[in-house]
Amino acid sequence: MSVRRIEVQTNPAYNVYVGPSALEKVHECGLQKDCVFVLADEKAWSLHGKALVGLEAAPRLEITGGEDAKTLAQLGSVLDALTASGLSRASTVITFGGGSISDLGGLAASLYKRGIDVMHCPTTLLAQVDAAVGGKTAINLKLGKNLAGTVHQPRGVFADPAVLQSLPVEEWASGLGEALKTALVGGEASLKSLEMLSPELTRQQPETLSALVADCVQTKARIVAEDPSEQGPRRALNLGHTFAHAIEHCAGYGAIPHGVAVAVGVSLALEASAAMGILENGGLIERVNKLQKTLGLPSSLADLRGRHDLEPEGLLAGLAQDKKGAVNKPEFVLVRKPGDLALGVGMEGSLLQSLLG
Ligand code: GLY
């Protein structure tokens with residue numbers, strides 16, 4: 001099976017390589033080992049670091065991945081490590097891990113000596129289908145997630161399905177939730193493709209995984225090229241996220257995997273779209289519910305409430321924190337049909353109460 005190459009036409013453009021042995025392409029980029037620094041998730045590195053051939057001797061910082069890695073203190077440690085390694089402005093940071101590692105490493109690279117190159121080797125499904133592509137970087141602040149960050153496009157992304165075999169169940173579900181969102185944003189062909197792949201996805205075959213990741217990357221590459229700094233069309237990629245952030249905030253960050261909350265957020269966005277007369281065909285809700293079932297994802301707040309405290313008041317408080325809208329005026333992405341979304345939509349309190357009740 002060959003490695004797919006998807007070009008993200010930003011300025012400058014870069015390639016996302018998807019498929020078995022994609023990690024070997026890092027070596028083929030001709031990087032000098034004294035000009036490279038690896039920021040790795042320690043667990044991912046111990047399982048799969050060997051696949052990054054030729055860079056065993058490069059300076060490396062291994063850290064524990066996950067949201068807790070995205071702090072100001074950890075950013076300082078990474079910047080200190082880059083400085084201690086004597087990296088010049090011509091150097092490259094290579095991240096090896098999930099979305100938290102690409103967010104943190106991308107931010108450090110964008111700041112070190114006013115910006116050096118970064119390449120991402122995403123090792124979770126969520127990072128392969130979403131986080132590692134498009135240049136968003138971030139850390140969390142005391143008052144909220146991803147409140148400090150930059151847009152710093154990578155020079156390359158290398159997504160190998162082999163590294164996904166060892167993913168814990170919840171990480172897997174999290175990636176599928178983001179893939180579902182991306183398929184809806186991508187349009188009818190993307191949604192049909194996910195419907196076709198979904199029965200096979202639980203078997204985790206490299207070919208099926210590569211097809212899923214390539215579909216998502218293609219959609220994201222198209223949207224990011226059009227709007228790299230999220231002034232307009234890129235906001236479509238936030239479908240389901242206003243609700244998801246409220247769910248995560250209410251349950252306590254980390255209690256529900258991000259993409260799982262996104263899956264429920266997508267359902268709530270579809271319900272809201274129907275209630276506001278925006279959704280063109282109610283059949284889409286059934287299609288998405290069927291997909292969620294096949295993918296083992298929850299489709300409603302009720303599916304989460306057995307295990308999590310998600311009282312309407314807590315969810316409303318979470319919505320008020322939405323960083324995309326004005327204070328206390330959360331904004332939503334709603335759906336007319338696959339690939340045709342309404343951006344920045346406000347919602348009546350009574351509709352929110354009924355959706356979250
Ligand atoms: N995760 C959504 C975006 O990169 O725009």
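As a starting point, this report considers the structure included with it. In this text, all values refer to a predicted model and were calculated from it rather than measured experimentally.

**Remarks on helix 4 (residues 99-111)**
So, point 1. Here helix 4 is 13 residues long and its end C-alpha atoms lie 18 Å apart, about the 18 Å a rise of 1.5 Å per residue gives.
So, point 2. Of all 13 residues making up helix 4, twelve are buried, and the element is well covered by its neighbours.
So, point 3. All of the buried residues in helix 4 are Gly99, Ser100, Ile101, Ser102, Asp103, Leu104, Gly105, Gly106, Leu107, Ala108, Ala109 and Ser110.
So, point 4. Two residues or fewer past helix 4, Lys113 is found with a positive phi of approximately 50°.

**Details of the packing of aromatic side chains**
So, point 1. Tallied over the full model, the rule gives three aromatic pairs.
So, point 2. Geometrically, the ring pair formed by Trp45 and Phe96 is edge-to-face, given 5.2 Å between the ring centres and 75° between the ring planes. Taken as a pair, Trp45 in helix 2 (residues 42-48) and Phe96 in strand 5 (residues 92-97) lie far apart in primary sequence, 51 residues in all. Both residues of the pair, Trp45 and Phe96, belong to the buried class.

**Some words on helix 7 (residues 188-201)**
So, point 1. Relative to the 20 Å expected for 14 residues at 1.5 Å per residue, helix 7 spans 19 Å between its end C-alpha atoms, a close match to the ideal helical length.
So, point 2. Most pronounced at Glu195, the bend in helix 7 amounts to some 25°, and the proline Pro199 follows within four residues.
So, point 3. For helix 7, the set of buried residues is Ser190, Leu191, Ser193, Leu194, Leu197, Ser198 and Leu201.
So, point 4. Packed against the buried residues of helix 7 are helix 6 (169-186), helix 8 (206-226) and helix 11 (283-295).

**Topic: the sheet that holds strand 5**
So, point 1. The seven strands lie next to each other as 1-2-9-6-5-3-4, forming an open sheet whose pairing is mixed. Single-partner strands in this sheet number two, and they are strand 1 (4-8) and strand 4 (60-63). Between one strand and the next, the sheet's axes are offset by a mean angle of 15°, whatever the strand orientation.
So, point 2. As defined by bridge partners, strand 1 adjoins strand 2 (residues 14-18) across five bridges and the pair is classed as antiparallel. Residue pairing in the sheet places Glu7 in a bridge with Asn15 of strand 2.

**Some thoughts on the pairing of strand 5**
For a regular strand, side-chain orientation follows a simple rule: the groups alternate between the two sheet faces.
So, point 1. Within strand 5, six of the six residues are buried, which leaves it mostly tucked inside the rest of the structure.
So, point 2. Because side chains alternate across strand 5, one face comprises the buried residues Thr92, Ile94 and Phe96, and the other comprises Val93, Thr95 and Gly97, equally buried.
So, point 3. One ladder, built from five bridges, connects strand 3 (residues 36-41) with strand 5; its direction is parallel. Its bridge partner being in strand 5, Val38 is matched across the sheet by Ile94.
So, point 4. Note: strand 5 against strand 6 (residues 117-122), six bridges, orientation parallel.

**Some remarks on the site of the ligand**
So, point 1. Neighbouring the ligand are Asp130, Lys136, Lys220, Glu230, Arg234 and Leu237.
So, point 2. Separating an oxygen atom of the ligand from a side-chain N or O atom of Lys220 is a distance of 2.6 Å.
So, point 3. Within the complex, the protein chains bury 89% of what would otherwise be the 200 Å² of accessible surface of the ligand.

**Comments concerning the packing of helix 10 (residues 258-275) against helix 14 (residues 349-356)**
So, point 1. The N-to-C vectors of helix 10 and helix 14 enclose an angle of 135°; their axes lie 11 Å apart at closest approach. Accordingly, the angle class assigned to the pair helix 10 and helix 14 is oblique. The chirality of how helix 10 crosses helix 14 is right-handed. Contacts between helix 10 and helix 14 pair Leu268, Glu271, Ala272 and Ala275 from the former with Leu351, Leu355 and Leu356 from the latter.

**Observations regarding the pattern of salt bridges**
So, point 1. For the structure on display, the rule yields 17 salt bridges.
So, point 2. Where Lys181 meets Asp130, a salt bridge forms, and the shortest distance between an N and an O atom there is 3.5 Å. Residue Lys181 is found in helix 6, and its partner Asp130 is found in helix 5 (residues 125-131); the two are separated by 51 residues along the sequence. As far as the burial class goes, Lys181 and Asp130 line up, both buried.

Calculation notes
- Residues numbered from 1 in each chain as written.
- Predicted model: local features only at pLDDT ≥ 70, side-chain atom pairs only at ≥ 80, totals over all residues.
- Heavy atoms only, no water.
- Helix = DSSP H or I, 4+ residues; strand = E, 2+ residues; numbered from the N terminus.
- Expected span 1.5 Å × (residues − 1).
- Buried < 20%, exposed > 50% of the residue type's maximum accessible area, 1.4 Å probe, protein only.
- Phe/Tyr/Trp six-rings, centres within 6.5 Å; stacked < 30°, edge-to-face > 60°.
- Bend = angle between axes of the 7 residues up to and from the residue.
- Contact = heavy atoms within 4.5 Å.
- Pairing = 2+ DSSP bridges.
- Axes fitted to C-alpha atoms, helices over the stretch in contact; angles between N-to-C directions.
- Near = heavy atom within 4 Å.
- Polar contact = N/O pair within 3.5 Å; in protein donor to acceptor, adjacent residues only side chain to side chain.
- Areas by Shrake-Rupley, 256 points an atom, 1.4 Å probe, with all protein chains shown as cover.
- Parallel < 35°, antiparallel > 145°, perpendicular 65-115°, else oblique.
- Left-handed = near helix turned anticlockwise from the far one by under 90°.
- Salt bridge = Lys/Arg side-chain N within 4 Å of Asp/Glu carboxyl O.

Treat this as a map of the structure, not an account of what it does.
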